[in-house]
Amino acid sequence: MRSVLGLCTAALLMSAPAYSANLSVCLEGAPEIFNPQLSSNGTTLTVLGQIYDNLVSVKAGTSEIQPALAESWSVSDDGKTYTFKLRQGVKWQANDQFTPSRDLNSDDVVFTFERMMRDDHPYAKVSGGTFVTFNTKLSDVLEKVEKIDDRTVAFTLDAPLAPFIGIMAHQSLAITSAEYADTLLKAGAQDQFDRQPIGTGPFRLEAYQQDAAVRLAAFPETWGAAIGDETRTPKVDAVVMAISADASVRLQRALAGECHIALYPNLTDLKQIEDSGTLNAVPTPVASTGFITFNFKQKEFQNKKVREALAHAINMKPMVDVVYDGKGKVTGSLVPPALWGTADLGAYDYDPELAKKLLAEAGYPDGFSTQLWAIPVARPYMPHGRRAAEFIQADWAAIGVKAEIISYEWSEYITRSRQGEAQVGMFGGIYDFPDPSQIPNNYFGCDSTGKPSPSNIGAWCNDEFNALMKKAGEITDQAEREKLYKQAQDVFHAEVPAVILGGADTITAVNKSVKGFVPAIFGANRLSGVSVE
């Protein structure tokens, strides 16, 4: 990866193409890092999803799991062993430090997962060693990953795991190069493995200007092009992602022709997009959930009556109407209504007098002071974080609770939240695969030792909730799984570790010159197969 810290965004956007037009995308935030294993952040995975591939993936615009680096797979009769057959002839990208000597093989798959599985692995602690998705979804159940031959890999679980194939489609579990890792290890430059990426995807990283722009160059030798899959073939010379946290700025850049695709515009700008003459408002259905979560390291929030008081103090309907631009739905369900397994739970009743009574019973008759963190970027689960925080701040002030609104730049916000700094954190998630387990496990789950998952920023660990989620993951009967997920949500609602704020479908502003763009329902949007006329 070339250093481009002195390069301006405009120069990135105006670079001349080699064989086709550039595709410019207005992105809502900067990537945290350039290895997907170390992030579950949708913004980061939007970038890295163009560079890396998984064994399987979710077909764009659907909930269908399809082959990717694995051309096929089989499951043992006991449901504990998954055997993947890898594609032949899959090429790795190259950079200034590394030129691959071989194609993708089973060693790469084993390396990828052993890095996350083994504490004594030479890459286990590199870049902090926090493997968010793996630690949440697989660390307790994945027993071993074995190379059968160069093109065959077996994953053995200690118990059946119904959503396993869906989990393998999560972009945090993309396959990385063992040969590249060995090269850097010999050079004593292991940290570069997560900063100068080598993948098999349709685009490679060419340049990154911190918090300003990412430039990806086409990788014509990618396997999708080799098998003639148009949806996995780069159709432009480069993708330039300009980072703009403000949704209005992203739209203005799209209207000015500076961005072909603007992600997550304000829903209230729909008419402006439709009337522009140059842009299409592409409907983008998203399964997502946004919430505020209480930090259980704080004395006040260890008291259930305090959490209940704060939940009952929020006047949810007007807040949801404004924050979700009239497109949101008031709900108390942790699993969104768009997905099976959702629970018929409403929001906590708005009752300021009950809230005051509960605070007094908890020992806080005059209230207390806290911090309320506000998401700084627009996401489907929270389009206007600051505005939502202001609504909550005003409602809590009415019962004597003073909330100071705190925010940071997006990558710093995520890092600090995961370090447990947020007293009341605003967070949320977008489903990357079609199974209800993802967000409950990611954001409120704990492993078998009682350690919260990395995204469980409130550090809430509840044995009953975790047992229900674990049992739901071990059986294949969907009706029974649905019952268990609903029971888990009942426990969640009763214990009030967080307050669900909602989620909404979104739109994407796409220039009419763009062809082949299909918004993802699950996971990040794929930019291969997209062209500019």
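Look a little higher up for the structure.
The following paragraphs examine the structure supplied in this document. Quantities reported herein were computed from a predicted structural model and do not represent experimental measurements. (Residues numbered from 1 in each chain as written. Predicted model: local features only at pLDDT ≥ 70, side-chain atom pairs only at ≥ 80, totals over all residues. Heavy atoms only, no water.)

On to the side chain of glutamate 28, then. Along the polypeptide, glutamate 28 turns up in the loop between strand 2 (23-27) and helix 2 (42-48). Among the polar contacts listed, one links the side chain of glutamate 28 to the side chain of threonine 43, at a separation of 2.8 Å. If sequence neighbours within four positions are ignored, glutamate 28 has contacts with Thr43, Ser244, Ala245, Arg250, Leu263, Tyr264, Val377, Ala378 and Arg379. (Helix = DSSP H or I, 4+ residues; strand = E, 2+ residues; numbered from the N terminus. Polar contact = N/O pair within 3.5 Å; in protein donor to acceptor, adjacent residues only side chain to side chain. Contact = heavy atoms within 4.5 Å.)

What follows is about the nonpolar core. Grouped together as the largest cluster of nonpolar side chains are 153 residues, with contacts concentrated most on Phe113, Leu138, Phe155 and Trp396. Look past the residues within four positions of phenylalanine 155 in its chain and what remains in contact with it is Leu55, Lys80, Thr81, Tyr82, Phe84, Val109, Phe113, Leu142, Lys144, Val145, Phe164 and Met168. Among the nonpolar cores identified, the runner-up in size contains ten residues, and Cys26, Ala254, Ile273 and Ile507 belong to it. (Core = buried A, V, L, I, M, F, W, Y, C linked by side-chain atoms within 4.5 Å. Buried < 20%, exposed > 50% of the residue type's maximum accessible area, 1.4 Å probe, protein only.)

Moving on to the state of the cysteines. What we call a disulfide is simply a covalent bond connecting the sulfur atoms of a pair of cysteines. For the structure shown, the criterion picks out two disulfides. Each disulfide pairs two cysteine sulfurs, and for cysteine 26 the partner residue is cysteine 259, the sulfurs being separated by 1.9 Å. Taking the torsion about the S-S bond as the criterion, the cysteine 26 to cysteine 259 disulfide, at about 60 degrees, is right-handed. Taken together, the residues cysteine 26 in strand 2 and cysteine 259 in the loop between helix 8 (247-255) and strand 12 (261-262) connect sequence positions 233 residues apart. Since its relative accessible area comes to 0%, cysteine 26 is described here as buried. Classification of cysteine 259 as buried rests on a relative accessible area of 0%. Shown here is the disulfide that connects cysteine 446 with cysteine 461, its sulfur atoms set 1.9 Å apart. Handedness of the cysteine 446-cysteine 461 disulfide follows from its S-S torsion of about -95 degrees: it is left-handed. (Disulfide = S-S within 2.5 Å.)

Notably, aspartate 211 is not glycine yet its phi reads approximately 60 degrees, a positive angle. Inspection of the secondary structure puts aspartate 211 in the loop between strand 9 (203-209) and strand 10 (213-218). Positive phi, normally seen in glycine, also occurs at valine 496, with a value near 55 degrees. Its place among the elements puts valine 496 in the loop between helix 17 (478-495) and strand 18 (498-502).

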